[in-house]
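Letter by letter, the chains look like this.
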Amino acid sequence: MNPKIKNLPKIELHRHLEGSIPIPLVMEWSKKYNLPLSHDMQVKNPMPLGPVLERLFYQQRCFQNIESVETLTYEVLKDIASDNIKLIELRFSPSFMAEPKNLSFDSIMEATLAAKERAQKDFGIEVGFILISSRDYGIEACEETINLAIQWKKEIIGVDLAGNETEHPPELFEKPFQRAHTEGLNITTHSGEVSNPHHISTSIHKLKALRIGHGVQAIQDPKVIQDLIKYKIPLELCPTSNLMTQAISKIELHPLKKLMNAGVLVTISSDDPTLFGTTLSQEYDIAIHHLGLSLDQIQKTILTSFHHSFSSDEQKKRAWKKYFKYLEK
Ligand SMILES: [Zn+2]
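Nothing here was measured: the structure is a model prediction, and the numbers come from that model. (Residues numbered from 1 in each chain as written. Predicted model: local features only at pLDDT ≥ 70, side-chain atom pairs only at ≥ 80, totals over all residues. Heavy atoms only, no water.)

Engineer: How would you sum up the coordination of the zinc ion? Please name residues and give values.
Structural biologist: The protein atoms that coordinate the zinc ion are His14 (NE2), His16 (NE2), His190 (NE2) and Asp271 (OD), at distances of 2.1 to 2.3 Å. One chain supplies every donor for the zinc ion, spaced along it as H-x1-H-x173-H-x80-D. In this pair, His14 is assigned in strand β1 (residues 10-16) and His190 in strand β5 (residues 187-191), connecting sequence segments 176 residues apart. This pair shows no difference in class: His14 is buried, exactly as His190 is. (Donors = N, O, S within 2.8 Å, 3.2 Å for Na, K, Ca; no water. Helix = DSSP H or I, 4+ residues; strand = E, 2+ residues; numbered from the N terminus. Buried < 20%, exposed > 50% of the residue type's maximum accessible area, 1.4 Å probe, protein only.)

Following this line, the structure appears as structure tokens:
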């Protein structure tokens, strides 16, 4: 790894807390609570999205009590800071985290926020949380997550919709997401990852998405590309994840550079770094060595991430002054 890339101050917009727990901690926590382990904790070869998500089970199971939520959130942020990520938008699904031990949503919010305060102080990073509603839990659970997000809206920076988009198309979630929009919450949605590209336009128009998670399939439809350009909607692209979920068949065929050249705003993230055995630095390295980006173009994606970050103005101002002023050229 080029030390220049590792040392570069970074911004990450698309990263799941539940997919970021370092493997040694998953092992330690599993041992502590006597939970059997499997060799299949990571995705090392491309496979459909369904089995990929099933492998999150071992990380999900670590959330055994509220203490583990606080400790693991802090450890994940420590790992993030060690990759020189200075502004991080970390997302999690309260329903998914609560599931193993039926933890209360409010206690999950309190624990993650306490960890955030501690990590910001200890590591000098700016942290914002995005709450995820998973399509697979259904519309009622989505309403519940949006209610929680509205209740905690001063403490979080946005909401997201994730899960199987082919079986649960975006229009099903229009009502709760319109409500989130009316309440002033920023919205990003996983869309057009391995599914039909027209879902991306539906997410922009009906769910009021300001950014699109992945959106790799936009490359198949010029009308969708036009929408992304016209409404200035950045894509949160995650090259390794996109390869592992079979959104693309070969890393060299990733459309990041083509989309960038067409005028689409693109950003780079790691998605679930533990699950996919990657880091944000490694994703930058792949973008340079396999997708043909220059270091200048990497910096352009960092600038796009900054301008389209949902973080508060104070957080962005602080991060800019401390770490990103050099991009002003
Ligand atoms: Zn994701």
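Text resumes after the structure shown.
Engineer: Tell me about unusual backbone geometry, and name the residues and values.
Structural biologist: Located in the positive-phi region is Lys208, a residue other than glycine, with phi close to 60 degrees. Here Lys208 shows up in the loop between α10 (198-205) and β6 (211-214). Exposure remark for Lys208: the relative accessible area of 30% places this residue in the partly exposed category. Phi at Asp271 takes a positive value of approximately 65 degrees, unusual for a residue other than glycine. The topology assignment puts Asp271 in the loop between β8 (266-268) and α14 (273-276).

Engineer: Quick one: what's the story with the sheet that holds strand β2 (residues 85-92), residue by residue and with numbers?
Structural biologist: On the basis of which strands lie adjacent, the open sheet formed by eight strands has the order β1-β2-β3-β4-β5-β6-β7-β8 and parallel pairing. Each having just a single partner strand, β1 and β8 make up the two edges of the open sheet. In this sheet, neighbouring strand axes are inclined to one another by 25 degrees on average, regardless of whether the strands run parallel or antiparallel. With six bridges joining them, β2 and strand β3 (residues 126-134) adopt parallel strand pairing. Looking across to β3, one finds that Phe92 is bridged to Leu131. Running over the sheet, helix α15 (residues 280-289) touches β1, β2 and β8 and is turned about 105 degrees from β1. (Pairing = 2+ DSSP bridges. Axes fitted to C-alpha atoms, helices over the stretch in contact; angles between N-to-C directions. Contact = heavy atoms within 4.5 Å.)

Engineer: Now, about the side chain of Thr274: what can you tell me, with residues and values included?
Structural biologist: Structurally, Thr274 is set in helix α14. Taking relative accessible area as the criterion, Thr274 reaches 8% and is therefore assigned buried. The contact partners of Thr274, leaving out residues within four places of it in the chain, are Gly19, Ser20, Ile21, Pro22, Ile23, Gln42 and Gln59.

Engineer: Please provide a residue-by-residue account of the side chain of Thr245, values included.
Structural biologist: Assignment of secondary structure puts Thr245 in the loop between α12 (239-244) and α13 (256-262). For Thr245, a relative accessible area of 3% corresponds to the buried category.

Engineer: Can you lay out the packing of aromatic side chains for me, pointing to particular residues and giving the numbers?
Structural biologist: If you walk through the whole model with that rule in mind, you get six aromatic pairs. When the centroid spacing of 5.4 Å and the interplanar angle of 80 degrees are considered together, the rings of Phe92 and Phe129 count as edge-to-face. With a gap of 37 residues between them, Phe92 in strand β2 and Phe129 in strand β3 connect regions that are remote in the sequence. Ring centres 6.3 Å apart and planes at 70 degrees place the aromatic pair Tyr323 and Phe324 in the edge-to-face group. Phe324 carries the same exposure label as Tyr323, and that label is buried. Linked through ring pairs, Phe306, Trp320, Tyr323 and Phe324 together constitute an aromatic cluster. In this structure, Arg118 packs its charged tip against the face of Tyr74, placed 3.8 Å from the ring centre. Lys316 extends its terminal NZ or CZ atom over the ring of Phe306, reaching a point 5.4 Å from the ring centre. (Phe/Tyr/Trp six-rings, centres within 6.5 Å; stacked < 30°, edge-to-face > 60°. Lys NZ or Arg CZ within 6 Å of the ring centre and 35° of its normal.)

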